[in-house]
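Listed below are the residues making up each chain.
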Amino acid sequence: MKNTAIKGIKTKSRGRFNTITIGNKSGEEKFVGRIKNVGKSYVTFDKYSGERGEVKYHVNSVSKIS
């Protein structure tokens, strides 16, 4: 996803939980969380499913946020 698209989703969701899909060479990973911070090349999420905590992913690895 593009950085501007992720920022747009962050302003629309206003703290709601989102389903985030991370796509990489080994497959896809889905988790429920919130967008915490959007940087130039990395996005930080608060993860609320599975192992909870703060996770950081490259912008290009984020394939879908719904």
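(A) Representation of the pattern of salt bridges in the model. What the rule picks out here adds up to 2 salt bridges. When the shortest N-O distance is used, the salt bridge between Glu29 and Lys47 registers 3.5 Å. With Glu29 in strand E2 (residues 27–38) and Lys47 in strand E3 (residues 42–47), this residue pair connects regions lying 18 residues apart in the sequence. Using a relative accessible area of 15% as the deciding quantity, one classes Lys47 as buried. Lys36 is the partner of Glu54 in a salt bridge, and the nearest nitrogen-oxygen pair spans 2.6 Å. You can see Glu54 sitting in strand E4 (residues 53–58) and its partner Lys36 sitting in strand E2, a full 18 residues away along the chain. We classify Lys36 as partly exposed; its relative accessible area is 42%.

(B) Summary view of the nonpolar core. In this structure, Ile6, Phe31, Ile35, Phe45 and Ile65 are the most contacted members of the largest nonpolar core, which totals 14 residues. Taken together, the elements giving at least two residues each to this core come down to helix H1 (3–13), strand E1 (18–24), E2, E3, E4 and strand E5 (62–65). Counting residues per element, this core draws most heavily on E2, at 3 residues.

(C) The environment of Gly15, seen in detail. Secondary-structure assignment places Gly15 in the loop between H1 and E1. Once the C-alpha coordinates of Gly15 and Gly33 are considered, the two residues, 18 residues apart in sequence, prove to be 9.5 Å apart.

(D) Layout of the environment of Arg14. Positionally, Arg14 belongs in the loop between H1 and E1. Note on Arg14: relative accessible area 74%, which makes it exposed. A sequence separation of 23 residues divides Arg14 from Asn37, and the C-alpha atoms of the two residues are 13 Å apart.

What counts, and where the lines are drawn
- Residues numbered from 1 in each chain as written.
- Predicted model: local features only at pLDDT ≥ 70, side-chain atom pairs only at ≥ 80, totals over all residues.
- Heavy atoms only, no water.
- Salt bridge = Lys/Arg side-chain N within 4 Å of Asp/Glu carboxyl O.
- Helix = DSSP H or I, 4+ residues; strand = E, 2+ residues; numbered from the N terminus.
- Buried < 20%, exposed > 50% of the residue type's maximum accessible area, 1.4 Å probe, protein only.
- Core = buried A, V, L, I, M, F, W, Y, C linked by side-chain atoms within 4.5 Å.

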